[in-house]
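Observations on the three-dimensional arrangement
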Amino acid sequence: MNLTRRRLLKTAAAAGATVVLGGCTSTAAETTRPVYAPSEPVRLGFIGLHGRGNDLLKSFRQVPLAQVSALCDVDPQVLATRMGEAKAHGESPMPFADPRRLFDSADIDAVVIATPNHLHAVLASWAAQAGKDVYVEKPVCHDVREGQLLLAVADRTRRIIQAGTQNRSDIGLRAAFAALHAGEFGAVSAVRGFCFRDRASIGRLPMPLVPPAGLDYNLWLGPAADEPIMRKQFHYDWHWVWNTGNGDIGNQGPHELDLACWALGDPGLPESVLGLGGRFAWDDAGETANAMAAWYLFPGGIPLSFEVRNLAPKDKAAGAYHGIAEAAIVVECADGELHAHRGGATFIDHAGKIARTFAGDAGATHQENFITAVRQRQSTLLHAPLAHAVPSADLAHLANASMRIGVPGDAQAALAAARGHRELGEHVERLLGILEGYQIDLAKTPMHIGPVLSIDRSTGLCTGAEAGRANALLQRQPRPGWEIVV
Ligand SMILES: NC(=O)c1ccc[n+]([C@@H]2O[C@H](COP(=O)([O-])OP(=O)(O)OC[C@H]3O[C@@H](n4cnc5c(N)ncnc54)[C@H](O)[C@@H]3O)[C@@H](O)[C@H]2O)c1
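Residues numbered from 1 in each chain as written. Predicted model: local features only at pLDDT ≥ 70, side-chain atom pairs only at ≥ 80, totals over all residues. Heavy atoms only, no water.

**Some points on the environment of histidine 350**
Here histidine 350 lies in the loop between strand S15 (344-349) and strand S16 (354-359). Taking the C-alpha atoms as reference points, histidine 350 and alanine 334, separated by 16 residues in sequence, lie 9.1 Å from one another. Dropping the residues within four chain positions of it, histidine 350 is found in contact with Cys333, Ala334, Asp335 and Gly336. Within the structure, histidine 350 has its side chain in polar contact with the backbone oxygen of alanine 334 (distance 2.7 Å). Of the polar contacts made by the side chain of histidine 350, one reaches the backbone nitrogen of glycine 336; its length is 3.4 Å. (Helix = DSSP H or I, 4+ residues; strand = E, 2+ residues; numbered from the N terminus. Contact = heavy atoms within 4.5 Å. Polar contact = N/O pair within 3.5 Å; in protein donor to acceptor, adjacent residues only side chain to side chain.)

Given below as structure tokens:
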């Protein structure tokens, strides 16, 4: 008998298979996974609808058989705006203020999560445990432990889970990395990542910020600690506070860290990590670094170095690396350099000539790729599976942990920490040049210079002398009720 998916779901419901997780009561989904009928839509629930969630709504609307069936946001004004827009599109989605109630709905097949970072792993886990397939934004976890738990949940529930690292679907990048991996540019000797994004101070309030009217602050906090918010803007600027965000290395950075992992053949977690940097020039409520460098070593021995910069360089040319002044990676190969970024890649030979161009599409089909995998019930079709997205998120968390437990130091100390790592030294020198342009006195406002952390590659946690302090940052205790239970 050819059972449809929905009939199987009903069968599971009738069998009374119920799981209760973190306040989310849901019917266990089918373990057998027949494909969708040819004209059967995938009924999508969108969670977090402000900036990125709105972009994703627009993208999924372009995908055949992707149906906007539910909208969820804890901010009633954001929810009302998106409900109005959906109506104008001829849609009639169910509105939800609480994602757990959306997970309970038998009329939703898959969810799209674009909440702040600290909610990604727990909501993705609960959705998967409720039988939903999941598209979850990057970074897919807010710390290393969350990523491990999410992987375990994904493994057990066997849901289709795509990460929002859309570069993996970029046609130009796919062609460029296929050529790289086929050895067309010669052996790879180093990978450098650049997260160059000019940003501004987020300000500081004299009194804690009052969240938007009607917003369910308990649900917004989720697993994060209940701390006063001293920044001026409620939405988006949570990126720059450790409680909810991961700084730019965990915001824009996961895109370039993910490209770097892709270039290296997705080696998983590194053996060792060093991070250094700080927040300079802005006197505000932000905590995360706006100038940072990181260095990673993987078993193959090819170094990955990474640079984060949010301060606009006073001297644009000096702030660039081989002409790169935006977010990108550079893969150093025997025959030249591959420059890869959102929207494509170029291969530049040793004479400085562009030898090959790979025009991309900024990952325009990434959402369609998810829907295809969902409809075919084939995780192997996904361009951005968790197996790739968790390590690339973890690279941000590990460098942040090293930096955060680091000791204060001046320019000489930063250069000394980079000694022996050619690429890291270059990044540090460029950062010091940027800070000089802002007349930062590192004796008064020092850098945080992290130790080299040794990583247990099976857990992502730190071993050795620094384990205690580093691991406290890599596995925070969630607020009660927000645990990920595998
Ligand atoms: N892939 C990309 O290129 C890309 C681009 C931008 C942002 N992002 C990612 O998307 C995520 C969202 O970014 P943003 O800029 O839209 O942030 P934002 O703060 O502007 O919006 C987040 C929304 O989530 C809602 N929300 C918070 N907690 C919720 C909960 N428990 N249930 C339901 N809704 C909840 C908020 O009310 C808000 O409307 C971030 O993790 C970011 O890293 C990815």
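**Some points on the side chain of aspartate 284**
For aspartate 284, the position within the fold is in the loop between strand S10 (272-278) and strand S11 (291-297). In terms of polar contacts, aspartate 284 uses its side chain to reach the side chain of arginine 279, at 2.9 Å.

**Observations regarding the site of the ligand**
Not every one of the 30 residues close to the ligand is listed here, only the nearest: His50, Arg52, Asp73, Asn117 and Trp238. Taking arginine 52, its main chain carries an N or O atom lying 2.8 Å from an oxygen atom of the ligand. At a separation of 2.9 Å, a nitrogen atom of the ligand approaches a polar side-chain atom of glutamate 137. A total of 850 Å² of accessible area belongs to the ligand in isolation, and the protein chains cover 94% of it. Classifying every residue of the shell around the ligand gives 12 nonpolar, 12 polar and six charged. For the shell around the ligand, the domains that each give at least three residues are domain 1 (5-168) and domain 2 (170-364 + 386-474). (Near = heavy atom within 4 Å. Areas by Shrake-Rupley, 256 points an atom, 1.4 Å probe, with all protein chains shown as cover. Nonpolar A, V, L, I, M, F, W, Y, C, P; charged D, E, K, R; others polar. Domains from an automatic or database assignment.)

**Quick word on helix H15 (residues 467-474)**
Listed in full, the buried residues belonging to H15 are Ala467, Ala470, Asn471 and Leu474. Burial along H15 is one-sided: seen end-on, the buried residues are contained in an arc of 95°. Exposed positions of H15 whose direction lies more than 90 degrees from the buried face are Gly468 and Ala472. If you follow the buried residues of H15, they end up packed against helix H6 (144-157), helix H12 (386-404), strand S19 (453-455) and strand S20 (462-463). (Buried < 20%, exposed > 50% of the residue type's maximum accessible area, 1.4 Å probe, protein only. Arc of directions from axis to C-beta.)

**As for helix H13 (residues 411-418)**
Of the residues that open H13, the one with a side-chain oxygen 3.2 Å from the backbone nitrogen of glutamine 412 is aspartate 410. Looking one or two places after H13, you find glycine 420, whose phi comes out positive at around 90°.

**A word on the environment of alanine 345**
Note that alanine 345 resides in strand S15. Of the residues examined, alanine 345 reaches a relative accessible area of 3% and is grouped as buried. When the C-alpha positions of alanine 345 and leucine 173 are compared, they lie 6.2 Å apart, and in sequence the two are 172 residues distant. Setting aside anything within four residues of it in sequence, one finds alanine 345 in contact with Leu173, Ala176, Leu338, His339, Ala340, Arg356, Thr357 and Phe358.

**A few points about the domain arrangement of the chain**
We note that the domain assignment places domain 1 (5-168) and domain 2 (170-364 + 386-474) within the chain. Measuring from the centre of the C-alpha atoms in domain 1 to the corresponding centre in domain 2 gives 29 Å. Counting residues at the interface gives 35 residues for domain 1 and 50 residues for domain 2. When domain 1 packs against domain 2, the two sides together hide about 3,400 Å² of surface, and 58% of this comes from carbon and sulfur. Of all residues in domain 1, Val144, Asn167 and Arg168 give up the largest surface area on contact with domain 2, accounting jointly for 27% of the area buried on that side. (Buried area = accessible area lost by both parts, 1.4 Å probe.)

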